[in-house]
Amino acid sequence: MFEKLRNAFSLAAKSFGEKELKEKDIDEVLFELEIALLESDVATEVIDSIKDDLKKQLIGSTVNKDKIAETVKQELRKSISNMFNDAGTVDILSNIQKKKEKGEPYIISFMGINGTGKTTTIAKFANLLRENKYSVVIAAADTYRAGAIEQISEHGKRLNVKVIAQNYGSDPAAVARDAVLYAKSHKIDCILIDTAGRMQTSKNLMDQISKINKVVNPDLKLFVGDSLAGNDTVSQAREFHNYTKFDGAILTKSDADARGGSAISIVKVTSSPILYLGVGQEYSDLKSFNKEVFLETIFGPEESVEEIKKKPEPKVELKPEPKVELKPESKVELKPESKVELKPERSTQEISNDDPFVGISTQDIEKYSDIFDVSPPESDDQARKLAADIRKWISAGRPKSKPKDEPKSKPEPEMKTKDESEEEDEVDSEKDEKPIKKRSLFGWLKK
Ligand SMILES: Nc1nc2c(ncn2[C@@H]2O[C@H](COP(=O)(O)OP(=O)(O)OP(=O)(O)O)[C@@H](O)[C@H]2O)c(=O)[nH]1
């Protein structure tokens, strides 16, 4: 039973089940992705590059038509994961240990613009080192901003960490060198240098940072960026990286950032890893950056493309046919001579006892299923319904082929998957919401 149908659909399934992706198939998904990334503060150039990468990976590959969006998301996850892998990582604690074993202090300079949380981050880092039993000295090399020396000295007092300072206006490179000399003479394991916060566009001030780095030659240069500043943080990271070739970044205020775009952009733009995240205002609020945790926060638990392919297809829900009521005046009076001998029509029940597609050519089944975008029926009832619809469409004289470059016309009644209906409802209700709420990357990707 239904062999003809099965054969017809085994061909059709290839065209609208498994599908070789073309650019136009993923354009809509990529557009949604672009909006989600923009709203998550991923830099525009980074979005373009991500989109290009995805297109290269996806176009020409074969995926199930119902799972295009899901496949794109998984490919995006893979691409971001690879990007983080390519940026590498730095195990700071084990590097400190290695230098300690050689009897040398490990030098870290911190840079970033004012107010990003640099001073607080240095204090948190000093605390982390103390917890790991390493001795620390801080160089108050921000001799530029009023209050900076007092601020870092206060942290030093609270943490019981020595702070080396000079007067405001003195040479920051000289302060850093003093701290290195102190560390060497006192067998201190690690030196943390606080540099003056400065705008990335100020060449003189950037030259000063380069001077500090030349004089003390730090083992590690860290950029401190505010994850809430979005695109600004990305342009700061780019400029600082051009000048200093920093080795890694710490993103502060991640506790208040639900979007995650800055981390993605910084890694993409500088090819440097995010090493730590500031997650609050306490000294203990510094966490090592974990790629897997980050990806899971954005995308949810990992699912491979193969797993997606294996997932059952969404069920097709058929809406009941609308009743057609004939008005009395639409009755046609047939004259005796125009009488046509009609064979008694077979009821739907009778037809159901054998192939419901009897009398319909395979081409028509394929053509109308394609025009009205109908998925293969999964039950006898659905098959009967489809056969009835095709008969109706044929007798209604619907287009015999898909109009070129025109959107597909919709069948009446519409046949939609449950998911599609829900999605449309969501879109409609979203349209009514003005102004549109800023969505996070997480929201879209977790859909
Ligand atoms: N919520 C939260 N607040 C933070 C975090 N890191 C720093 N802050 C706060 O951000 C503000 C600015 O921090 P500072 O350390 O003074 O900033 P700075 O970059 O050193 O500023 P300059 O000394 O001018 O360069 C302070 O109120 C900090 O408590 C964080 O991870 N989470």
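What you are looking at is a predicted structure, and each value in this text was computed from that prediction instead of being measured.

Conventions adopted
- Residues numbered from 1 in each chain as written.
- Predicted model: local features only at pLDDT ≥ 70, side-chain atom pairs only at ≥ 80, totals over all residues.
- Helix = DSSP H or I, 4+ residues; strand = E, 2+ residues; numbered from the N terminus.
- Buried ≥ 20, exposed ≤ 12 C-beta atoms within 10 Å, placed from the backbone.
- Contact = placed C-beta atoms within 7 Å.
- pLDDT = per-residue confidence, 0-100.
- Near = placed C-beta within 6 Å.
- Nonpolar A, V, L, I, M, F, W, Y, C, P; charged D, E, K, R; others polar.
- Expected span 1.5 Å × (residues − 1).
- Arc of directions from axis to C-beta.
- UniProt positions renumbered as here; feature names shortened; annotations may be inferred.
- Core = buried A, V, L, I, M, F, W, Y, C linked by C-beta atoms within 7 Å.
- Domains from an automatic or database assignment.
- Axes fitted to C-alpha atoms, helices over the stretch in contact; angles between N-to-C directions.
- Parallel < 35°, antiparallel > 145°, perpendicular 65-115°, else oblique.
- Left-handed = near helix turned anticlockwise from the far one by under 90°.
- Pairing = 2+ DSSP bridges.
- Right-handed = clockwise from strand over helix to strand, strands pointing away.

Some details on the overall build of the chain
Part 1 of the argument: From N to C terminus, the chain includes 18 helices and 12 strands.
Part 2 of the argument: Burial statistics for the chain: of 447 residues in total, 34% are counted as buried.
Part 3 of the argument: In the chain, 80% of the contacts between residues at least 6 apart in sequence involve partners at least 24 apart.

With respect to the confidence of the model for the chain
Part 1 of the argument: Across the chain, the average pLDDT comes to 76, with 71% of residues at 70 or higher.
Part 2 of the argument: pLDDT under 50 marks residues 1–16. Its contacts with residues more than four places away, or in other chains, come to 22 contacts.
Part 3 of the argument: Among the prediction metrics, the complex's ipTM stands at 0.95, with pTM recorded as 0.67.

Considering the site of the ligand
Part 1 of the argument: Around the ligand sit 19 residues in total, of which Gly117, Thr119, Thr120, Gly197 and Gly278 are the nearest.
Part 2 of the argument: For the shell around the ligand, the element with the most residues is helix α6 (residues 118–131), which contributes three residues.
Part 3 of the argument: Grouping the amino acids of the shell around the ligand by side-chain chemistry returns three nonpolar, 11 polar and five charged.

Examining helix α3 (residues 44–58)
Part 1 of the argument: Here α3 contains 15 residues, and its C-alpha end-to-end distance of 21 Å stays within 8% of the 21 Å for a straight helix at 1.5 Å per residue.
Part 2 of the argument: Among the residues making up α3, those that are buried are Val46, Ile47, Ile50, Leu54 and Leu58. Seen from one end, α3 has its buried residues packed into an arc of 100°, which puts them on one side. Residues Asp48, Asp52 and Lys56 are exposed on α3 and point more than 90 degrees away from its buried face.
Part 3 of the argument: In this fold, the buried residues of α3 make contact with α2 (23–39), α4 (68–87) and α11 (261–270).

What to know about the UniProt feature "domain: SRP54-type proteins GTP-binding" (unreviewed entry) in the chain
Part 1 of the argument: Under the UniProt annotation, the feature "domain: SRP54-type proteins GTP-binding" (unreviewed entry) is placed at residues 273–286.
Part 2 of the argument: From the first C-alpha to the last, residues 273–286 spans 16 Å; its make-up is 0% helix and 43% strand.

Points about the nonpolar core
Part 1 of the argument: Membership of the largest hydrophobic core comes to 73 residues, with the highest contact counts inside it found for Ile138, Ile191 and Leu192.
Part 2 of the argument: Here this core spans two domains, and each of domain 1 (3–87) and domain 2 (92–289) adds at least three residues to it.
Part 3 of the argument: In this structure, Leu192 is in contact with Ile108, Phe110, Ile122, Phe125, Ala126, Val136 and Ile138, ignoring residues within four places of it in sequence.
Part 4 of the argument: Listed in part, the eight residues of the second largest apolar core include Phe357, Ile365, Val374 and Ala387.

Some thoughts on the packing of α4 against helix α12 (residues 291–299)
Part 1 of the argument: As a packed pair, α4 and α12 sit with axes 11 Å apart at the nearest point and diverge in direction by 155°. In terms of orientation, α4 lies roughly antiparallel with respect to α12. The two elements α4 and α12 meet at a crossing, and its hand is right-handed. The segment α4 lies against α12, with Lys73, Arg77, Ile80, Ser81 and Phe84 engaging Lys291, Leu295 and Phe299.
Part 2 of the argument: Of the residues belonging to the contact of α4 with α12, the class tally is four nonpolar, one polar and three charged.

Here we look at the environment of Ser210
Part 1 of the argument: Structurally, Ser210 can be placed in helix α9 (residues 203–216).
Part 2 of the argument: Setting aside its immediate chain neighbours within four residues, Ser210 contacts Tyr243 and Thr244.

Describing the sheet that holds strand β9 (residues 274–278)
Part 1 of the argument: Strand order in the open sheet formed by eight strands is β5-β4-β6-β3-β7-β8-β9-β10, with mixed pairing between adjacent strands. The open sheet has two free edges, formed respectively by β5 (162–164) and β10 (286–288), since each of these has just one partner strand. Adjacent strand axes in the sheet meet at a mean angle of 25°, parallel and antiparallel pairs treated alike.
Part 2 of the argument: In terms of strand pairing, strand β8 (residues 248–252) meets β9 through three bridges, oriented parallel. Looking at the pairing, Leu251 lines up with Leu277 of β9.
Part 3 of the argument: In this fold α9 packs onto β3 (106–111), β4 (136–141), β6 (190–195) and β7 (220–226), with an angle of close to 180° to the strand it touches most, β3.

Observations regarding the pairing of β4
Two faces belong to every sheet, and in a regular strand the side chains alternate between them.
Part 1 of the argument: Burial analysis of β4 places six of its six residues in the buried class, the great majority of the element.
Part 2 of the argument: Both faces of β4 are covered, namely the face carrying Val136, Ile138 and Ala140 and the face carrying Val137, Ala139 and Ala141.
Part 3 of the argument: The pairing of β4 with β6 spans six bridges and is classified as parallel. Of the residues in β6, the one forming a bridge with Ala141 is Thr195.
Part 4 of the argument: As paired strands, β4 and β5 are joined by three bridges and run parallel to one another. Bridge pairing in β5 links Ile138 to Val163.
Part 5 of the argument: Each parallel crossover has a hand, and the one from β4 via helix α7 (residues 148–159) to β5 is right-handed.

A look at the environment of Tyr144
Part 1 of the argument: Turning to its location among the elements, Tyr144 is positioned in the loop between β4 and α7.
Part 2 of the argument: You can call Tyr144 partly exposed: it has 17 C-beta atoms within 10 Å.
Part 3 of the argument: As a C-alpha pair, Tyr144 and Leu205 span 61 residues in sequence and 9.9 Å in three-dimensional space.

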